[in-house]
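Commentary on secondary and tertiary structure
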Amino acid sequence: MKFSERYGYKSVKEKLQIDSIDKELRNTLWNLLTEYYWEGATDRFFANSSEYPILRLLWKDFLKEPIDVMSPNALDFVSQIKDYYYRFEWYEVYDFIEFISQQYPDERTNKGFRKECNQVLQKECSAYRFVGKQITQLTSKEEIESIEVAIEKSNDQVTSHLVRSLELLSDRKSPDYRNSIKESISAVESLVQKTVGKKGTLGQLIEKIEGHFELHPAIKESFKKLYGYTSNEDGIRHAMLDEPNVDIEDAKFMLVTCSAFINYVNGKLEKS
């Protein structure tokens, strides 16, 4: 802890940066962008340089600006981009770095960038992290790892539900927590259907999964109850989803819990 923080001259960051980005975090993220994507920009014409394609893409596809007003000078053009960056709303900064790390053609560079971004976001007490290629509001390393493993190691249908749940939860302008919860439960349901080889609801099929491996009664009952909280007997979502104040904590709990269960089932199936 710094001297200024110990003696009250500067407040300690006890609360996460959820709806804001402070100066330090904004500056550090800009420095990472520079180091990874356009540090080689110099005072020259750069249409044939390695930095040009990503900067041009940012200009025309992210900022939606006419390309005929792009400066042909590398340093001047980076300054144009920087001017926009420092006028962005907090959520636009995340949109910006997410866009670059998804569009830049060298995935090794992108992975390094995302890894360092997560280190910075954690250090600066941001509520957001890269999970795969998307930024979402998850603060626990264990939560992030659980979701990533479930997405990477599941079949396409399960992965599709989890990715969609994550997208709905992490939408910084208009998050859809109810449908994020639906997608999380649907991911588990799809996994159980695939495992037992039958169609049906999670409540109906979880009993049959024991034909493939032993499922502890407590785990089975907990997921039956969790499913019952989000579905009626006809499979129509209600209960939690009808609550007026469904928020990110509800959606995050469901995504993390369902991911953990999916990892548990996948692990059991590998052993059996």
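Quick caveat, the model's predicted, so the values are computed rather than measured. (Residues numbered from 1 in each chain as written. Predicted model: local features only at pLDDT ≥ 70, side-chain atom pairs only at ≥ 80, totals over all residues. Heavy atoms only, no water.)

1. Some details on the overall build of the protein
The condition that has to hold: Only DSSP runs of H or I reaching four residues or more are called helices, and only runs of E reaching two or more are called strands; each is numbered from the N terminus. Only protein chains enter the accessibility calculation, which uses a 1.4 Å probe. A residue is then buried if its area is under 20% of the maximum for its type, exposed if over 50%, and partly exposed in between. Calculation of accessible area relied on Shrake-Rupley with a 1.4 Å probe; when residues are assessed, cover is drawn exclusively from the protein chains displayed.
When you go through the protein residue by residue, the secondary structure sums to twelve helices and two strands. Burial statistics for the protein: of 272 residues in total, 46% are counted as buried. Element-wise, carbon and sulfur atoms account for 47% of the exposed surface of the protein, whose accessible area totals about 14700 Å².

2. Digging into the packing of aromatic side chains
Heads up, the rule is: Stacked, tilted and edge-to-face pairs are distinguished by plane angle, under 30 degrees for stacked and over 60 for edge-to-face with tilted covering the rest, among Phe, Tyr and Trp rings (Trp via its six-membered ring) whose centres lie within 6.5 Å. Any Lys NZ or Arg CZ found within 6 Å of a ring centre and within 35 degrees of that ring's normal is scored as a charge over the ring.
Per the counting criterion, the structure on display carries 23 aromatic pairs. Between Phe-62 and Phe-99 the ring centres are 5.3 Å apart and the planes differ by 50°, which places this aromatic pair in the tilted class. Of the two residues, Phe-62 sits in helix H3 (residues 52-62) while Phe-99 sits in helix H5 (residues 90-103), which places them 37 residues apart along the sequence. On the basis of relative accessibility, which here comes to 16%, the residue Phe-99 falls in the buried class. Measuring from centroid to centroid gives 5.7 Å for Trp-90 and Tyr-91, while their planes differ by 85°, and the two rings are edge-to-face. The ring of Tyr-84 carries Arg-87 above its face, with NZ or CZ at 5.0 Å from the centroid.

3. Things to note about helix H4 (residues 74-85)
Since there are 3.6 residues in each turn of an α-helix, residues three or four apart along the chain are aligned in direction. For the record, the criterion: Here the expected length of a helix is defined as 1.5 Å per residue gap, with one fewer gap than residues. Directions are taken from the helix axis to each C-beta atom, and the arc is the one they span. Whether two residues touch is decided by their heavy atoms; if any such pair falls within 4.5 Å, the residues are in contact. Counted as a polar contact is a pair of N or O atoms within 3.5 Å, where, for protein atoms, one must be capable of donating a hydrogen and the other of accepting one, and residues adjacent in sequence contribute only when both atoms are in side chains.
Across its twelve residues, H4 extends 17 Å between first and last C-alpha, which sits within 8% of the 16 Å expected from 1.5 Å per residue. For H4, the full list of buried residues reads Ala-74, Phe-77, Val-78, Ile-81 and Tyr-85. Seen from one end, H4 has its buried residues packed into an arc of 100°, which puts them on one side. The inward-facing, buried residues of H4 abut helix H2 (23-38), H3 and H5. If you check the start of H4, you find a side-chain oxygen 3.0 Å away from the backbone N of Leu-75, and it comes from Asn-73.

4. Digging into H2
Given a rise of 1.5 Å per residue, 16 residues ought to cover 22 Å, and the 21 Å separating the end C-alpha atoms of H2 matches this to within 8%. When we look at burial in H2, the residues that qualify are Leu-25, Arg-26, Leu-29, Trp-30, Leu-32, Leu-33, Tyr-37 and Trp-38. The arc that holds every buried residue of H2, seen down its axis, measures 160°, which confines them to one face. Structurally, H2 contributes buried residues whose contacts are with H3, H4, H5 and helix H6 (107-123).

5. Regarding the packing of helix H9 (residues 177-196) against helix H12 (residues 248-271)
Put simply, the rule is: Every axis corresponds to a line fitted to the C-alpha atoms, with the helix fit spanning only the stretch in contact, and the corresponding angles, defined between N-to-C directions, vary from 0 to 180 degrees. Here the word oblique covers every angle except those under 35 degrees (roughly parallel), over 145 (roughly antiparallel) and from 65 to 115 (roughly perpendicular). Crossing chirality is assigned from the near helix's rotation relative to the far helix, an anticlockwise turn below a right angle marking it left-handed and a clockwise turn marking it right-handed. For this scheme, ten residues count as nonpolar: Ala, Val, Leu, Ile, Met, Phe, Trp, Tyr, Cys and Pro. Four count as charged, namely Asp, Glu, Lys and Arg, and the remainder, Gly too, count as polar.
Packing of H9 against H12 leaves a shortest axis separation of 8 Å and a crossing angle of 15°. By the angle class used here, H9 and H12 are roughly parallel. Relative to H12, the crossing made by H9 is left-handed. Each of Tyr-177, Ser-180, Ile-181, Ser-184, Ile-185, Ala-187, Val-188, Leu-191 and Thr-195 in H9 lies in contact with H12, whose residues at this interface are Ile-248, Asp-250, Ala-251, Met-254, Leu-255, Cys-258, Phe-261, Ile-262, Val-265, Asn-266 and Leu-269. Here the residues of the contact of H9 with H12 sort into 15 nonpolar, four polar and one charged.

6. What about the confidence of the model for the protein?
Stated precisely, the cut-off is as follows: Known as pLDDT, the predictor's per-residue confidence is scaled from 0 to 100.
Looking at the protein as a whole, its pLDDT mean stands at 81, while 83% of the residues score no less than 70. Scored below 50 in pLDDT, residues 3-15 shows 13 contacts in the model against residues more than four places distant or in partner chains. Taken as a whole, residues 232-238 scores under 50 in pLDDT and shows 15 contacts with residues more than four places along the chain or in a different chain.

7. Examining unusual backbone geometry
You will see that Lys-64, though not glycine, has its phi angle at about 60°, which is positive. Note on placement: Lys-64 falls in the loop between H3 and H4.

8. Observations concerning the packing of H3 against H4
Orientation of H3 relative to H4, taken along the N-to-C sense of each, is 45°, at an axis distance of 11 Å. Judged by the inter-axis angle, H3 sits oblique to H4. Like other packed secondary-structure pairs, H3 and H4 cross with a definite hand, here left-handed. Here Leu-55, Arg-56, Leu-58 and Trp-59 of H3 lie close against H4, whose contacting residues are Phe-77, Val-78, Gln-80, Ile-81 and Tyr-84. The class makeup of the residues in the contact of H3 with H4 is seven nonpolar, one polar and one charged.

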